[in-house]
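These are the residues of each chain, in order.
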Amino acid sequence: MSEEATRGQGQRQGQDQEQSRVQGRSGVDTTPLIEVIDLVKTYPSGEKVLRVLDGTQLSIAAGERVAVLGASGVGKSTLLHLLGGLDRPDSGTIAFRGKSIAELREDELAAYRNAEVGFVFQFFQLLSEFTALENVMMPMLIGRQPEGAHRRASALLDEVGLAERSHHFPGQLSGGERQRVAIARSMSRDPSLLLADEPTGNLDIATGMRVMELFSQVQGEHGAAIVMATHNPALVKGFDRVLEMQPGGILQPSETGLPGG
Ligand SMILES: Nc1ncnc2c1ncn2[C@@H]1O[C@H](COP(=O)(O)OP(=O)(O)O)[C@@H](O)[C@H]1O
Ligand SMILES: [Mg+2]
């Protein structure tokens with residue numbers, strides 16, 4: 001089949017999906033925000049191949065809060081990187097609003113990472129030569145949305161309690177403050193999906209708890225779905241679902257970290 005015809009078929013399938021979504025029984029859009037099917041990711045490991053994810057399945061609804069617990073090295077970061085389009089799987093599908101992100105053109109994938117996804121990492125990943133305000137503005141500038149970027153970044157910094165620190169550089173901020181800047185930055189494009197990888201892993205316990213509470217509050221107010229990876233069951237309070245990652249990236253409902261508990 002020609003490339004053109006294959007693409008045409010893809011489009012028709014897309015339309016069918018569109019239709020079944022619109023005609024959902026209750027009239028509610030039931031398409032998951034993210035659907036992960038049979039995801040496989042391997043890394044070379046000496047002579048052997050490490051199958052970190054070996055058939056991962058996950059479905060996340062819009063606005064849903066999902067925590068992924070699991071021992072260090074099990075594959076949590078690997079999954080988050082794939083979800084965010086920062087890396088590609090060996091096989092399997094990640095569909096965002098019903099469309100496989102593997103099928104996105106390079107510019108569409110960049111737009112997905114920039115506008116649909118917000119990232120919060122363990123080590124903050126702020127740009128050290130830019131101020132807090134500039135760091136929060138960055139995704140809007142990269143996404144060519146300079147209009148109102150300054151105003152929005154200021155409002156977000158205010159939301160995380162850092163209005164007074166706008167012009168400080170990351171090196172002049174504490175760990176907790178840096179992570180609050182990163183949280184503000186993650187919200188700057190109003191993403192539909194937040195990916196948080198051990199967001200309090202580099203903070204002391206009390207600061208970590210405060211940052212987590214603030215993060216939950218900001219997430220709730222903006223209505224983004226969140227997938228948070230952590231090895232710490234104490235952090236999953238208020239999450240809708242707590243999953244435990246088993247070897248091979250298999251996700252199961254957790255028995256230790258109970259949602260709401
Ligand atoms: N780029 C890479 N190359 C080789 N092995 C990797 C790479 N990234 C991760 N791994 C390995 O994959 C496994 C899962 O890593 P990771 O996803 O970071 O786990 P977690 O976030 O749960 O601690 C680990 O054994 C790690 O050493
Ligand atoms: Mg990790």
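Details of the structure are given in the entry above.
Bear in mind the structure is a predicted one, so any value in this text is a computation, not a measurement.

Calculation notes
Residues numbered from 1 in each chain as written. Chains lettered and ligands numbered in written order. Predicted model: local features only at pLDDT ≥ 70, side-chain atom pairs only at ≥ 80, totals over all residues. Pairing = 2+ DSSP bridges. Helix = DSSP H or I, 4+ residues; strand = E, 2+ residues; numbered from the N terminus. Axes fitted to C-alpha atoms, helices over the stretch in contact; angles between N-to-C directions. Contact = placed C-beta atoms within 7 Å. Near = placed C-beta within 6 Å. Nonpolar A, V, L, I, M, F, W, Y, C, P; charged D, E, K, R; others polar. Buried ≥ 20, exposed ≤ 12 C-beta atoms within 10 Å, placed from the backbone. Parallel < 35°, antiparallel > 145°, perpendicular 65-115°, else oblique. Left-handed = near helix turned anticlockwise from the far one by under 90°.

Trainee: Please give an account of the sheet that holds strand β10 (residues 250-253) that cites residues and values.
Mentor: Two strands in a sheet stick together by hydrogen bonds in their backbones, pointing the same way (parallel) or opposite ways (antiparallel). Strand order in this open sheet of six strands is β6-β7-β8-β3-β9-β10, and the pairing throughout is mixed. Of all strands in the sheet, those bounded by a partner on one side alone are β6 (117-120) and β10. Direction aside, the axes of adjacent strands within the sheet are offset by 20° on average. As defined by bridge partners, strand β9 (residues 241-246) adjoins β10 across four bridges and the pair is classed as antiparallel. Within β10, the residue paired with Gln246 across the bridge is Ile250. Packing of helix α6 (residues 175-186) onto the sheet brings it into contact with β6 and β7 (193-197), and relative to β6 it is tilted by some 175°.

Trainee: Describe the sheet that holds strand β4 (residues 91-96), naming the residues involved and giving the relevant values.
Mentor: Pairing within the open sheet is antiparallel, and its four strands lie in the order β2-β1-β4-β5. Both edges of this open sheet fall to β2 (48-60) and β5 (99-100), since each of them pairs with a single strand only. As paired strands, strand β1 (residues 34-45) and β2 are joined by 10 bridges and run antiparallel to one another. Across the sheet, residue Lys41 finds its bridge partner in β2, namely Leu53.

Trainee: Account for the site of ligand 1, naming residues and giving values.
Mentor: Ligand 1 sits among Tyr43, Leu50, Val52, Gly70, Ser72, Gly73, Val74, Gly75, Lys76, Ser77 and Thr78. Those elements giving two or more residues to the shell around ligand 1 turn out to be β2 and α2 (76-83). In terms of residue count, α2 provides more of the shell around ligand 1 than any other element does, three residues in total. The class makeup of the residues in the shell around ligand 1 is four nonpolar, six polar and one charged.

Trainee: Help me get a handle on the environment of Thr31, residues and values and all.
Mentor: Here Thr31 is to be found in the loop between α1 (3-22) and β1. Assessed through the 19 C-beta atoms surrounding it within 10 Å, Thr31 is described here as partly exposed. Sequence separation between Thr31 and Phe96 is 65 residues; the distance between their C-alpha atoms is 9.2 Å.

Trainee: Tell me about the packing of helix α4 (residues 132-142) against α6, residues and numbers included.
Mentor: Packing of α4 against α6 brings their axes to within 8 Å, and their N-to-C directions diverge by 30°. As far as their axial angle goes, α6 and α4 are roughly parallel. Of the two possible hands of crossing, α4 and α6 adopt the one that is right-handed. On α6, the residues touching Ala132, Asn135, Val136, Met138 and Pro139 of α4 are Val181, Ala184 and Arg185.

Trainee: Run through helix α3 (residues 106-116), naming residues and quoting values.
Mentor: The set of residues buried in α3 consists of Arg113, Asn114 and Glu116. Next to the buried residues of α3 lie β4, β6, α4 and β7.

Trainee: Residue-level account of the packing of α4 against helix α5 (residues 149-159), with values.
Mentor: A pair of packed helices can be characterised by two numbers: the angle between their axes and the separation between those axes. In contact at an axis separation of 9 Å, α4 and α5 are set at 125° when each is read in the N-to-C sense. In terms of axis orientation, α4 runs oblique to α5. Of the two elements, α4 crosses α5, and the hand of that crossing is right-handed. Facing Ala132, Leu133, Val136, Met137, Met140 and Leu141 of α4, the residues of α5 in contact are Ala149, His150, Arg152, Ala153, Ser154, Leu156 and Leu157. Of the residues that constitute the contact of α4 with α5, the class distribution is 10 nonpolar, two polar and one charged.

These figures capture arrangement, not role.
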